[in-house]
Amino acid sequence: MMARGDREQSQSAGGPERHVPVLLKEVLEWLDPKEGEVVVDGTFGAGGYSRAILQRGATVIGIDRDPDAIAGGQDLVKQSDGHLILVPGQFANLEIHTREQGFTGVDGVVLDLGVSSMQLDEAERGFSFLRDGPLDMRMEQAGPSAADVVNELPVKDLIRIIGLLGEEKRATSVAHAIDKARKEKPFSRTVELANLIEKVLGRSPKKAQIHPATRTFQALRIYVNGELHQAAKALGAAERILKPGGRLVLVSFHSLEDRIVKRFFQDRTRTRGGGSRHMPEEEVPPATFELLTRKAVEAAAEETDANPRARSARLRAGRRTGAAARELDIHAAGVPRLAEFHGLGG
(Lines give C-alpha, C1' and ligand atoms only; values in the text may rest on other atoms or scores of the structure.)
Protein backbone atom coordinates (compact mmCIF):
# COMPACT_ATOMS: atom_id res chain seq x y z
CA MET A 1 0.00 0.00 0.00
CA MET A 2 1.32 3.41 -0.92
CA ALA A 3 1.40 5.76 2.07
CA ARG A 4 -0.46 9.04 1.77
CA GLY A 5 2.75 10.99 1.39
CA ASP A 6 3.97 8.60 -1.33
CA ARG A 7 0.70 8.89 -3.18
CA GLU A 8 0.35 12.63 -2.85
CA GLN A 9 3.88 13.44 -3.91
CA SER A 10 3.69 11.07 -6.89
CA GLN A 11 0.48 12.65 -8.23
CA SER A 12 0.56 15.82 -10.25
CA ALA A 13 -1.19 18.68 -8.48
CA GLY A 14 -4.44 20.27 -9.53
CA GLY A 15 -6.80 18.80 -12.11
CA PRO A 16 -10.21 17.28 -11.50
CA GLU A 17 -9.24 15.56 -8.24
CA ARG A 18 -8.34 18.81 -6.47
CA HIS A 19 -10.14 19.30 -3.10
CA VAL A 20 -12.34 16.21 -3.49
CA PRO A 21 -13.49 15.02 -0.03
CA VAL A 22 -12.31 11.45 0.50
CA LEU A 23 -14.77 8.70 1.54
CA LEU A 24 -17.60 11.26 1.68
CA LYS A 25 -20.37 8.66 1.27
CA GLU A 26 -18.89 6.50 4.03
CA VAL A 27 -18.27 9.49 6.33
CA LEU A 28 -21.93 10.49 6.05
CA GLU A 29 -23.05 6.90 6.62
CA TRP A 30 -21.19 6.50 9.90
CA LEU A 31 -21.49 10.12 11.08
CA ASP A 32 -25.23 10.05 10.31
CA PRO A 33 -25.84 13.81 10.79
CA LYS A 34 -29.46 14.82 11.30
CA GLU A 35 -31.46 18.02 11.29
CA GLY A 36 -31.00 19.94 14.53
CA GLU A 37 -27.78 18.16 15.52
CA VAL A 38 -24.39 19.78 16.08
CA VAL A 39 -21.32 18.30 14.40
CA VAL A 40 -17.66 19.30 14.69
CA ASP A 41 -15.66 19.14 11.47
CA GLY A 42 -12.21 19.36 13.02
CA THR A 43 -10.38 19.54 9.70
CA PHE A 44 -12.49 21.94 7.64
CA GLY A 45 -10.06 22.30 4.72
CA ALA A 46 -12.03 23.16 1.59
CA GLY A 47 -15.32 22.41 3.35
CA GLY A 48 -16.22 19.18 1.57
CA TYR A 49 -17.50 17.34 4.63
CA SER A 50 -19.03 20.46 6.18
CA ARG A 51 -21.03 21.26 3.05
CA ALA A 52 -22.50 17.74 2.95
CA ILE A 53 -23.30 17.78 6.68
CA LEU A 54 -25.04 21.15 6.34
CA GLN A 55 -27.20 19.70 3.59
CA ARG A 56 -28.44 17.13 6.11
CA GLY A 57 -29.73 19.96 8.30
CA ALA A 58 -27.08 19.87 11.04
CA THR A 59 -25.15 22.81 12.45
CA VAL A 60 -21.39 22.55 11.86
CA ILE A 61 -18.50 23.90 13.91
CA GLY A 62 -15.64 23.91 11.41
CA ILE A 63 -12.10 24.10 12.79
CA ASP A 64 -8.89 24.61 10.82
CA ARG A 65 -5.41 25.73 11.81
CA ASP A 66 -4.69 27.05 8.30
CA PRO A 67 -5.68 30.73 7.91
CA ASP A 68 -6.19 30.16 4.17
CA ALA A 69 -8.84 27.51 4.88
CA ILE A 70 -10.71 29.81 7.25
CA ALA A 71 -10.62 32.66 4.73
CA GLY A 72 -11.70 30.35 1.92
CA GLY A 73 -14.71 29.12 3.91
CA GLN A 74 -16.35 32.50 4.44
CA ASP A 75 -18.63 32.18 1.41
CA LEU A 76 -19.99 28.90 2.79
CA VAL A 77 -20.54 30.61 6.15
CA LYS A 78 -22.67 33.25 4.41
CA GLN A 79 -24.65 30.59 2.54
CA SER A 80 -25.30 28.52 5.67
CA ASP A 81 -27.75 30.94 7.31
CA GLY A 82 -25.96 30.72 10.64
CA HIS A 83 -25.49 26.94 10.61
CA LEU A 84 -21.73 27.00 9.93
CA ILE A 85 -19.39 28.42 12.54
CA LEU A 86 -15.76 28.62 11.43
CA VAL A 87 -13.08 28.67 14.11
CA PRO A 88 -9.34 29.17 13.52
CA GLY A 89 -7.37 26.75 15.67
CA GLN A 90 -6.03 23.26 16.18
CA PHE A 91 -8.37 20.30 16.20
CA ALA A 92 -6.52 18.97 19.24
CA ASN A 93 -8.38 21.76 21.08
CA LEU A 94 -11.78 20.98 19.56
CA GLU A 95 -13.37 20.63 23.00
CA ILE A 96 -12.23 24.13 23.98
CA HIS A 97 -13.31 25.64 20.65
CA THR A 98 -16.72 23.97 20.89
CA ARG A 99 -17.39 25.15 24.44
CA GLU A 100 -16.29 28.68 23.53
CA GLN A 101 -19.05 28.68 20.92
CA GLY A 102 -21.58 27.90 23.66
CA PHE A 103 -22.01 24.14 23.12
CA THR A 104 -21.52 21.80 26.08
CA GLY A 105 -21.86 18.69 23.95
CA VAL A 106 -22.10 17.68 20.28
CA ASP A 107 -23.66 14.85 18.29
CA GLY A 108 -20.75 14.11 15.99
CA VAL A 109 -17.07 14.72 15.33
CA VAL A 110 -15.30 14.05 12.03
CA LEU A 111 -11.57 14.37 11.39
CA ASP A 112 -9.72 14.00 8.09
CA LEU A 113 -6.18 13.57 9.36
CA GLY A 114 -3.06 14.75 7.57
CA VAL A 115 -2.18 17.46 5.08
CA SER A 116 -4.78 18.79 2.66
CA SER A 117 -4.56 18.82 -1.13
CA MET A 118 -4.82 22.61 -1.04
CA GLN A 119 -1.58 22.83 0.91
CA LEU A 120 0.21 20.33 -1.31
CA ASP A 121 -0.88 22.11 -4.45
CA GLU A 122 0.62 25.48 -3.46
CA ALA A 123 4.37 25.60 -4.03
CA GLU A 124 4.84 28.57 -1.72
CA ARG A 125 3.64 26.49 1.24
CA GLY A 126 6.66 24.20 0.85
CA PHE A 127 4.91 20.87 1.46
CA SER A 128 5.75 19.31 -1.89
CA PHE A 129 8.88 19.05 -3.99
CA LEU A 130 6.95 18.70 -7.25
CA ARG A 131 7.50 22.46 -7.57
CA ASP A 132 10.30 24.43 -5.99
CA GLY A 133 9.26 26.51 -3.01
CA PRO A 134 10.45 27.62 0.42
CA LEU A 135 11.15 24.72 2.78
CA ASP A 136 8.25 25.64 5.04
CA MET A 137 5.46 23.03 5.62
CA ARG A 138 3.70 24.95 8.41
CA MET A 139 -0.07 24.47 8.35
CA GLU A 140 -0.60 27.45 10.67
CA GLN A 141 1.97 29.56 8.80
CA ALA A 142 3.61 30.28 12.16
CA GLY A 143 6.27 28.72 14.37
CA PRO A 144 9.40 26.73 13.38
CA SER A 145 9.54 25.74 9.71
CA ALA A 146 10.91 22.61 8.07
CA ALA A 147 14.01 24.63 7.15
CA ASP A 148 14.56 25.46 10.83
CA VAL A 149 14.34 21.77 11.74
CA VAL A 150 16.61 20.61 8.91
CA ASN A 151 19.24 23.26 9.59
CA GLU A 152 19.31 23.20 13.39
CA LEU A 153 18.29 19.83 14.82
CA PRO A 154 21.14 17.50 15.92
CA VAL A 155 21.84 14.58 13.59
CA LYS A 156 20.72 11.95 16.10
CA ASP A 157 17.33 13.62 16.36
CA LEU A 158 16.99 13.94 12.58
CA ILE A 159 17.69 10.21 12.26
CA ARG A 160 14.93 9.39 14.73
CA ILE A 161 12.40 11.74 13.12
CA ILE A 162 13.07 10.56 9.57
CA GLY A 163 13.17 6.92 10.63
CA LEU A 164 10.05 6.93 12.80
CA LEU A 165 7.80 9.47 11.12
CA GLY A 166 8.93 8.81 7.55
CA GLU A 167 9.55 5.09 8.00
CA GLU A 168 12.70 5.66 5.97
CA LYS A 169 15.03 2.66 6.29
CA ARG A 170 18.08 4.71 5.34
CA ALA A 171 17.38 7.55 7.73
CA THR A 172 20.94 7.54 9.04
CA SER A 173 22.41 8.11 5.57
CA VAL A 174 19.92 10.86 4.81
CA ALA A 175 20.50 12.66 8.12
CA HIS A 176 24.29 12.59 7.82
CA ALA A 177 24.11 13.89 4.25
CA ILE A 178 21.87 16.74 5.43
CA ASP A 179 24.31 17.55 8.23
CA LYS A 180 27.28 17.68 5.85
CA ALA A 181 25.47 19.86 3.32
CA ARG A 182 23.99 22.33 5.85
CA LYS A 183 27.45 23.14 7.20
CA GLU A 184 28.33 24.57 3.80
CA LYS A 185 24.96 26.20 3.05
CA PRO A 186 21.71 26.12 5.07
CA PHE A 187 18.70 24.63 3.30
CA SER A 188 15.98 27.07 2.24
CA ARG A 189 14.21 25.49 -0.77
CA THR A 190 12.30 22.24 -1.22
CA VAL A 191 14.18 21.23 -4.36
CA GLU A 192 17.55 21.66 -2.65
CA LEU A 193 16.62 19.08 -0.04
CA ALA A 194 14.88 16.76 -2.50
CA ASN A 195 17.87 16.72 -4.84
CA LEU A 196 20.26 15.89 -2.00
CA ILE A 197 18.11 12.99 -0.82
CA GLU A 198 17.78 11.66 -4.37
CA LYS A 199 21.57 11.75 -4.69
CA VAL A 200 21.93 9.76 -1.46
CA LEU A 201 19.18 7.19 -2.04
CA GLY A 202 19.07 6.98 -5.82
CA ARG A 203 16.00 5.93 -7.80
CA SER A 204 14.50 2.47 -7.53
CA PRO A 205 13.41 1.06 -10.93
CA LYS A 206 10.55 -0.74 -9.14
CA LYS A 207 9.29 2.51 -7.60
CA ALA A 208 10.15 4.99 -10.33
CA GLN A 209 6.95 6.96 -9.72
CA ILE A 210 7.84 7.60 -6.07
CA HIS A 211 10.48 10.23 -5.41
CA PRO A 212 13.23 9.10 -2.97
CA ALA A 213 12.61 12.20 -0.83
CA THR A 214 8.95 11.35 -0.20
CA ARG A 215 9.45 9.66 3.18
CA THR A 216 11.77 12.37 4.52
CA PHE A 217 9.36 15.12 3.47
CA GLN A 218 6.52 13.22 5.15
CA ALA A 219 8.55 12.95 8.35
CA LEU A 220 9.39 16.67 8.40
CA ARG A 221 5.78 17.65 7.71
CA ILE A 222 4.45 15.45 10.51
CA TYR A 223 7.07 16.75 12.96
CA VAL A 224 6.71 20.45 12.06
CA ASN A 225 2.93 20.28 12.50
CA GLY A 226 2.88 17.84 15.43
CA GLU A 227 0.38 15.78 13.44
CA LEU A 228 0.49 12.64 15.57
CA HIS A 229 0.32 14.62 18.82
CA GLN A 230 -2.61 16.56 17.39
CA ALA A 231 -4.45 13.42 16.30
CA ALA A 232 -4.12 11.69 19.67
CA LYS A 233 -5.13 14.77 21.65
CA ALA A 234 -8.12 15.27 19.36
CA LEU A 235 -9.35 11.76 20.18
CA GLY A 236 -9.34 12.59 23.87
CA ALA A 237 -11.06 15.92 23.23
CA ALA A 238 -13.74 14.24 21.12
CA GLU A 239 -14.39 11.73 23.88
CA ARG A 240 -14.99 14.58 26.33
CA ILE A 241 -17.28 16.68 24.11
CA LEU A 242 -19.45 13.99 22.47
CA LYS A 243 -22.87 13.35 23.97
CA PRO A 244 -23.94 9.77 24.71
CA GLY A 245 -24.84 8.34 21.31
CA GLY A 246 -22.57 10.82 19.52
CA ARG A 247 -20.52 9.51 16.60
CA LEU A 248 -16.77 9.87 16.08
CA VAL A 249 -15.51 9.31 12.51
CA LEU A 250 -11.84 9.45 11.57
CA VAL A 251 -10.22 9.21 8.15
CA SER A 252 -6.48 8.54 8.19
CA PHE A 253 -4.00 8.22 5.34
CA HIS A 254 -0.96 6.37 6.60
CA SER A 255 -0.14 3.65 9.08
CA LEU A 256 1.12 5.99 11.83
CA GLU A 257 -2.21 7.81 12.09
CA ASP A 258 -4.31 4.68 11.65
CA ARG A 259 -2.38 2.87 14.38
CA ILE A 260 -3.21 5.64 16.89
CA VAL A 261 -6.90 5.60 15.96
CA LYS A 262 -7.05 1.79 16.11
CA ARG A 263 -5.36 1.65 19.53
CA PHE A 264 -7.67 4.34 20.88
CA PHE A 265 -10.80 2.47 19.86
CA GLN A 266 -9.38 -0.85 21.09
CA ASP A 267 -8.77 0.67 24.51
CA ARG A 268 -12.02 2.64 24.71
CA THR A 269 -14.27 -0.25 23.61
CA ARG A 270 -12.61 -2.93 25.76
CA THR A 271 -14.96 -4.55 28.28
CA ARG A 272 -12.75 -7.32 29.65
CA GLY A 273 -9.17 -7.51 30.95
CA GLY A 274 -6.64 -10.08 29.82
CA GLY A 275 -6.31 -12.43 32.78
CA SER A 276 -5.05 -16.02 32.80
CA ARG A 277 -4.96 -19.00 35.15
CA HIS A 278 -1.78 -17.50 36.63
CA MET A 279 -3.00 -13.92 37.01
CA PRO A 280 -6.44 -12.55 37.86
CA GLU A 281 -8.36 -10.66 35.19
CA GLU A 282 -7.55 -6.95 35.39
CA GLU A 283 -10.26 -4.46 36.15
CA VAL A 284 -11.32 -2.51 33.06
CA PRO A 285 -13.04 0.90 33.21
CA PRO A 286 -16.45 1.14 31.51
CA ALA A 287 -16.17 1.39 27.71
CA THR A 288 -16.52 4.96 26.47
CA PHE A 289 -17.21 3.95 22.88
CA GLU A 290 -19.07 1.27 20.97
CA LEU A 291 -17.17 0.28 17.84
CA LEU A 292 -19.16 0.94 14.67
CA THR A 293 -16.56 -0.31 12.17
CA ARG A 294 -15.07 -3.71 13.04
CA LYS A 295 -12.24 -3.10 10.60
CA ALA A 296 -11.01 -0.10 8.66
CA VAL A 297 -13.32 0.99 5.84
CA GLU A 298 -11.58 1.61 2.52
CA ALA A 299 -12.64 3.50 -0.58
CA ALA A 300 -14.45 1.57 -3.29
CA ALA A 301 -12.73 1.01 -6.65
CA GLU A 302 -15.05 3.53 -8.29
CA GLU A 303 -13.80 6.29 -5.96
CA THR A 304 -10.11 5.40 -6.21
CA ASP A 305 -10.37 5.37 -10.00
CA ALA A 306 -11.87 8.85 -9.98
CA ASN A 307 -9.75 10.19 -7.12
CA PRO A 308 -6.36 8.48 -6.58
CA ARG A 309 -5.98 10.36 -3.28
CA ALA A 310 -8.53 7.96 -1.78
CA ARG A 311 -6.34 4.88 -2.30
CA SER A 312 -4.67 4.94 1.09
CA ALA A 313 -7.63 6.32 3.09
CA ARG A 314 -8.86 4.30 6.07
CA LEU A 315 -12.04 5.14 8.00
CA ARG A 316 -12.82 4.04 11.57
CA ALA A 317 -15.87 5.04 13.60
CA GLY A 318 -17.32 4.65 17.08
CA ARG A 319 -20.42 5.69 19.04
CA ARG A 320 -20.06 7.38 22.43
CA THR A 321 -21.48 5.57 25.44
CA GLY A 322 -22.60 7.23 28.65
CA ALA A 323 -19.40 6.29 30.54
CA ALA A 324 -17.21 9.07 31.89
CA ALA A 325 -14.31 10.20 29.69
CA ARG A 326 -10.84 9.08 30.76
CA GLU A 327 -7.35 10.51 30.68
CA LEU A 328 -5.46 9.64 27.51
CA ASP A 329 -1.75 8.82 27.45
CA ILE A 330 -0.84 9.88 23.91
CA HIS A 331 2.43 7.94 23.96
CA ALA A 332 0.67 4.74 25.01
CA ALA A 333 -1.69 5.40 22.10
CA GLY A 334 1.24 5.27 19.69
CA VAL A 335 2.70 8.79 19.53
CA PRO A 336 6.51 8.45 19.59
CA ARG A 337 8.63 10.57 21.92
CA LEU A 338 10.69 12.95 19.81
CA ALA A 339 13.25 15.67 20.38
CA GLU A 340 11.83 18.96 21.60
CA PHE A 341 12.52 21.90 19.32
CA HIS A 342 10.97 25.32 19.96
CA GLY A 343 7.61 23.82 20.92
CA LEU A 344 7.75 20.84 18.58
CA GLY A 345 8.17 17.19 19.56
CA GLY A 346 8.05 15.99 23.15
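The structure displayed is predicted, hence computed values, not measured ones.

Asker: Can you explain the side chain of Thr-43? Please cite residues and give values.
Answerer: You can see Thr-43 is positioned in the loop between β1 (38-41) and α3 (48-55). At a separation of 2.7 Å, a polar atom in the side chain of Thr-43 contacts the main-chain amide nitrogen of Asp-112. Ignoring anything within four residues of it in the chain, the contact list for Thr-43 reads Ile-63, Asp-64, Phe-91, Val-110, Leu-111 and Asp-112.

Asker: Give me the confidence of the model for the chain: which residues, what numbers.
Answerer: The predicted model of the chain averages 89 in pLDDT, with 86% of residues at 70 or higher. Counted against residues more than four places away or in other chains, residues 1-18, with its pLDDT under 50, gives 55 contacts.

Asker: Which residues make up the environment of Glu-283, and what values do they have?
Answerer: By the secondary structure assignment, Glu-283 is in the loop between α14 (255-268) and β6 (289-291). Taking the relative accessible area as the measure of exposure, Glu-283 reaches 77% and is therefore exposed. Separated by 11 residues in sequence, Glu-283 and Arg-272 have C-alpha atoms that sit 7.5 Å apart.

Asker: Give a detailed account of the sheet that holds strand β4 (residues 106-112), specifying residues and quantitative values.
Answerer: The 7 strands lie next to each other as β3-β2-β1-β4-β5-β7-β6, forming an open sheet whose pairing is mixed. The open sheet is flanked by β3 (84-88) and β6, the only strands paired with a single partner. Strand-to-strand twist in this sheet, taken as the mean axis angle between neighbours without regard to direction, amounts to 20 degrees. Examined bridge by bridge, β4 and strand β5 (residues 242-252) share 6 bridges and lie parallel to one another. Note on β5: the bridge partner recorded for Gly-108 is Arg-247. Packing against the sheet, helix α13 (residues 227-241) makes contact with β4, β5, β6 and β7 (314-320), and its axis sits at approximately 155 degrees to β5.

Asker: Tell me about the pattern of salt bridges, and name the residues and values.
Answerer: A complete count under the given rule lists 20 salt bridges for this structure. Across the pair Glu-95 and Arg-99 runs a salt bridge whose closest N-O atoms are separated by 3.2 Å. Linking Glu-95 with Arg-99, this pair stays in helix α6 (residues 94-100), spanning 4 residues, or about one helical turn. Through salt bridges with shared partners, a single ionic network connects Glu-239, Asp-267, Arg-268 and Arg-326.

Asker: Any details on α14? Residues and values, ideally.
Answerer: Every α-helical turn comprises 3.6 residues, leaving residues that sit three or four positions apart pointing alike. In this model α14 runs 20 Å from its N-terminal to its C-terminal C-alpha over 14 residues, within 8% of the 20 Å that 1.5 Å per residue would give. If you check which residues of α14 are buried, you get Leu-256, Glu-257, Asp-258, Ile-260, Val-261, Phe-264, Phe-265 and Arg-268. The inward-facing, buried residues of α14 contact α9 (155-165), α12 (214-224), α13, β5, β6 and β7.

Asker: Which residues make up the packing of aromatic side chains, and what are the values?
Answerer: Per the counting criterion, the structure on display carries 3 aromatic pairs. Centre to centre, the rings of Phe-264 and Phe-289 are 5.7 Å apart; their planes meet at 65 degrees, and the pair counts as edge-to-face. Highlighted residues: Phe-264 in helix α14 and Phe-289 in strand β6, separated in sequence by 25 residues. Looking at Phe-264, the relative accessible area reads 2%, which means it is buried. Classification of Phe-289 by relative accessible area gives buried; the value is 2%. A centroid spacing of 5.7 Å and a plane angle of 80 degrees characterise the contact between Phe-265 and Phe-289, whose relative ring orientation is edge-to-face. Of the two residues, Phe-265 sits in helix α14 while Phe-289 sits in strand β6, which places them 24 residues apart along the sequence. Both residues of the pair, Phe-265 and Phe-289, count as buried. Linked through ring pairs, Phe-264, Phe-265 and Phe-289 together constitute an aromatic cluster. Taking NZ or CZ as reference, Arg-320 lies 5.8 Å from the ring centre of Phe-289, over its face.

So, how was this worked out
- Residues numbered from 1 in each chain as written.
- Predicted model: local features only at pLDDT ≥ 70, side-chain atom pairs only at ≥ 80, totals over all residues.
- Heavy atoms only, no water.
- Helix = DSSP H or I, 4+ residues; strand = E, 2+ residues; numbered from the N terminus.
- Polar contact = N/O pair within 3.5 Å; in protein donor to acceptor, adjacent residues only side chain to side chain.
- Contact = heavy atoms within 4.5 Å.
- pLDDT = per-residue confidence, 0-100.
- Buried < 20%, exposed > 50% of the residue type's maximum accessible area, 1.4 Å probe, protein only.
- Pairing = 2+ DSSP bridges.
- Axes fitted to C-alpha atoms, helices over the stretch in contact; angles between N-to-C directions.
- Salt bridge = Lys/Arg side-chain N within 4 Å of Asp/Glu carboxyl O.
- Expected span 1.5 Å × (residues − 1).
- Phe/Tyr/Trp six-rings, centres within 6.5 Å; stacked < 30°, edge-to-face > 60°.
- Lys NZ or Arg CZ within 6 Å of the ring centre and 35° of its normal.

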